[in-house]
Amino acid sequence: MINRRSLLSSAGAAIAGAAISRSAFAAAPSYDLVIKGGRVIDPSRRLDAVRDVAVANGRIAAVAADIPAGGAQMVDARGKLVVPGLVDIHTHTARTREGPGMVLKDGVTGWIDAGSQGADHIEDTIAVAKSAPQQARVLINIGRAGILPEGDTMDLNRADVEACRNAIARNRDAIAGVKARLSRDVAGQNDYEVLRRAQQVATSFNLPVMIHMGQTITPLGKLIDLLKRGDVVTHMYAPPPNSIVDVNGRIIPEVLAARRRGVWFDVGNGQTGHMRWDTIDQIVKANFWPDTFSTDWNTNAHMTGVIDLPNCMSKFLMLGMPLQDVIARATVNAAKIFPVFQGRGTLAVGAPADIAVLDLRNGDYEFLDNFNNKRTGHQRLFPTGTILAGKYTTA
Ligand SMILES: [Zn+2]
């Protein structure tokens with residue numbers, strides 16, 4: 001029997017715990033949006049089941065079977081995947097005003113512009129990042145003029161430590177790290193010194209360095225030894241010279257040591273160099289998998305082998321990576337690397353309601369490396385809708 005006293009005290013408890021228990025006590029919890037009937041895959045909680053996802057006030061309010069939508073906006077996700085919003089840690093989204101809106105349609109709710117600009121024009125990319133609807137930050141190119149056709153740091157004077165430090169000091173809130181592009185056509189003989197300077201700057205602000213590896217003059221092992229915990233190696237599948245595998249198909253010891261000390265390895269699909277199926281096969285055979293996927297996105301991505309982040313993820317379904325692991329690398333793993341994404345990459349109740357609705361289609365799909373070699377896979381992920389801070393956009 002419930003007497004008046006216990007009824008009152010439980011009501012008191014409900015008021016005291018209003019923030020967390022409001023929906024449990026209210027007769028009909030009200031949500032802003034309910035995503036109905038999708039296959040929810042949330043690697044952060046090892047969840048893979050058909051569930052509804054309810055959103056209120058821009059946050060995940062509930063993940064359960066058969067949530068009554070009431071007057072909430074409904075998204076029919078039957079037959080689709082519902083996953084945390086995708087995080088792309090190597091893009092050039094901030095090069096253009098229209099970039100952020102374009103990647104939002106691909107399911108991307110968080111991105112990093114990786115070194116499009118250096119100290120001289122960093123404010124241009126920061127302005128785009130700040131006006132983006134998503135969580136967005138930029139990496140500053142150690143080359144003060146940013147990406148140059150003749151090579152960012154072919155002239156070593158462009159790797160200007162003081163200019164880079166001053167630019168970061170002016171923009172601490174927007175700059176998430178330092179980018180060092182090291183291939184022979186970007187840095188030439190200067191690769192090692194360029195990375196040493198990038199690290200000098202990054203360390204003084206306690207920021208990570210992201211290196212663009214592959215086709216360098218200095219052996220990769222020597223470069224990688226300059227990396228600290230939390231740094232990122234992008235273009236990890238780059239073909240020789242100086243790939244992460246040796247001629248015998250073994251991952252080089254410096255790469256294994258770097259992973260052990262907490263250096264991240266990222267795909268960085270891109271459009272030239274960076275990926276060739278035969279090198280990828282060797283790295284797969286050596287059982288060395290990426291921590292994160294990224295597109296190296298530019299506004300023309302749809303006309304290249306990149307297409308979008310879900311397409312880059314699909315290449316790894318073809319290579320044999322389980323779906324749950326593929327989703328993890330574009331969500332929870334990516335969110336660990338930069339503090340701006342803290343608490344994201346998950347569908348945990350209370351997390352920001354950043355969600356991607358993807359269509360996993362079966363069929364024959366052609367995937368390109370960056371040397372125009374085609375491979376056929378039998379599944380591909382297509383973006384169909386994005387929820388950012390609780391607001392729904394269709395692809
Ligand atoms: Zn890039």
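Residues numbered from 1 in each chain as written. Predicted model: local features only at pLDDT ≥ 70, side-chain atom pairs only at ≥ 80, totals over all residues. Heavy atoms only, no water.

What follows deals with the confidence of the model for the protein. Taken as a whole, the protein shows an average pLDDT of 93; of its residues, 93% reach a score of 70 or greater. Contacts of residues 1-24 to residues separated by more than four positions or lying in other chains number six contacts, the stretch itself having pLDDT below 50. (pLDDT = per-residue confidence, 0-100. Contact = heavy atoms within 4.5 Å.)

The zinc ion binds to the protein through His-90 (NE2), His-92 (NE2) and Asp-296 (OD), with metal-donor distances spanning 2.0 to 2.2 Å. Summarised as a motif, the one-chain spacing of the donors to the zinc ion is H-x1-H-x203-D. Of this pair, His-92 sits in the loop between β6 (86-91) and α3 (99-104) while Asp-296 is found in the loop between α9 (277-285) and α10 (309-318), placing the two residues 204 residues apart along the sequence. Residue classification places Asp-296 among the buried residues on the basis of a relative accessible area of 9%. (Donors = N, O, S within 2.8 Å, 3.2 Å for Na, K, Ca; no water. Helix = DSSP H or I, 4+ residues; strand = E, 2+ residues; numbered from the N terminus. Buried < 20%, exposed > 50% of the residue type's maximum accessible area, 1.4 Å probe, protein only.)

So, about the pattern of salt bridges. Per the stated rule, a full pass over the model turns up 18 salt bridges. One salt bridge in this structure joins Arg-181 and Asp-152, with 2.8 Å as the shortest N-O distance. Of the two residues, Arg-181 is situated in strand β9 (residues 175-181) and Asp-152 in the loop between β8 (135-141) and α5 (161-170); the sequence distance between them amounts to 29 residues. Judged by relative accessible area, which is 15%, Arg-181 ranks as buried. In this structure Asp-152 comes out as buried when scored by relative accessible area, which is 1%. Put simply, Arg-344 and Asp-354 hold a salt bridge, and the shortest N to O gap is 2.7 Å. (Salt bridge = Lys/Arg side-chain N within 4 Å of Asp/Glu carboxyl O.)

An order of β6-β7-β8-β9-β10-β11-β12 is seen for the seven strands of this open sheet, with the pairing classed as parallel. Only two strands of the sheet have a single partner each, and these edge strands are β6 and β12 (264-265). Of the strand pairs in this sheet, β6 and strand β7 (residues 108-118) are connected by four bridges, and their pairing is parallel. Within β7, the position partnered with Val-87 by the bridge is Gly-110. (Pairing = 2+ DSSP bridges.)

The next point concerns α9. Those residues of α9 not exposed but buried are Trp-277, Thr-279, Ile-280, Ile-283 and Val-284. All buried residues of α9 project into a common sector of 155° when viewed along the axis, lining one side. Buried residues along α9 sit against α10, β13 (355-368) and β14 (374-388). The positive-phi residue at the C-terminal boundary of α9 is Asn-287, with phi of around 60°. (Arc of directions from axis to C-beta.)

For strand β1 (residues 33-42), the buried fraction is high: seven of the 10 residues fall into the buried class. As judged from the four bridges shared by β1 and strand β4 (residues 73-76), these two strands associate in the parallel manner. Bridge pairing in β4 links Lys-36 to Asp-76. In this structure, the hairpin formed by β1 and strand β2 (residues 47-56) is closed by a connection of four residues, where Arg-46 is found at a positive phi of approximately 50°. Taken together, the two bridges between β1 and strand β5 (residues 81-84) define a ladder with parallel strand orientation. Residue pairing across strands places Arg-39 opposite Leu-81, the latter belonging to β5.

Here we take up the side chain of Asp-191. Tracing the backbone through its elements, the reader meets Asp-191 in helix α6 (residues 191-204). Those residues within four positions of Asp-191 in sequence are excluded, and the remaining contacts are Leu-182, Thr-216, Ile-217, Thr-218 and Leu-223.

Remark: α5 packs on α6, axes separated minimally by 10 Å, with the N-to-C direction vectors making an angle of 30°. By the angle between their axes, α5 is roughly parallel relative to α6. α6 is crossed by α5, and the crossing has right-handed handedness. Of α6, the residues touching α5 (which contributes Val-161, Cys-164, Arg-165 and Ile-168) are Arg-197, Gln-200, Val-201 and Ser-204. Residues belonging to the contact of α5 with α6 are distributed by class as follows: four nonpolar, two polar and two charged. (Axes fitted to C-alpha atoms, helices over the stretch in contact; angles between N-to-C directions. Parallel < 35°, antiparallel > 145°, perpendicular 65-115°, else oblique. Left-handed = near helix turned anticlockwise from the far one by under 90°. Nonpolar A, V, L, I, M, F, W, Y, C, P; charged D, E, K, R; others polar.)

A word on the packing of aromatic side chains. Under the criterion given, the structure shown has four aromatic pairs. With a centroid separation of 5.3 Å and an interplanar angle of 80°, the aromatic rings of Phe-265 and Phe-288 are classed as edge-to-face. Taken as a pair, Phe-265 in strand β12 and Phe-288 in the loop between α9 and α10 lie far apart in primary sequence, 23 residues in all. Here Phe-265 matches Phe-288 in class, with each residue buried. Ring geometry for Tyr-365 versus Phe-382: centroids 5.8 Å apart, planes at 65°, classification edge-to-face. (Phe/Tyr/Trp six-rings, centres within 6.5 Å; stacked < 30°, edge-to-face > 60°.)

For Thr-279, the location among the structural elements is in helix α9. For the pair Thr-279 and Gly-377, spaced 98 residues apart in sequence, the C-alpha to C-alpha distance is 18 Å. Setting aside its immediate chain neighbours within four residues, Thr-279 contacts Tyr-237, Ala-238, Pro-239, Pro-240, Ser-243 and Val-245.

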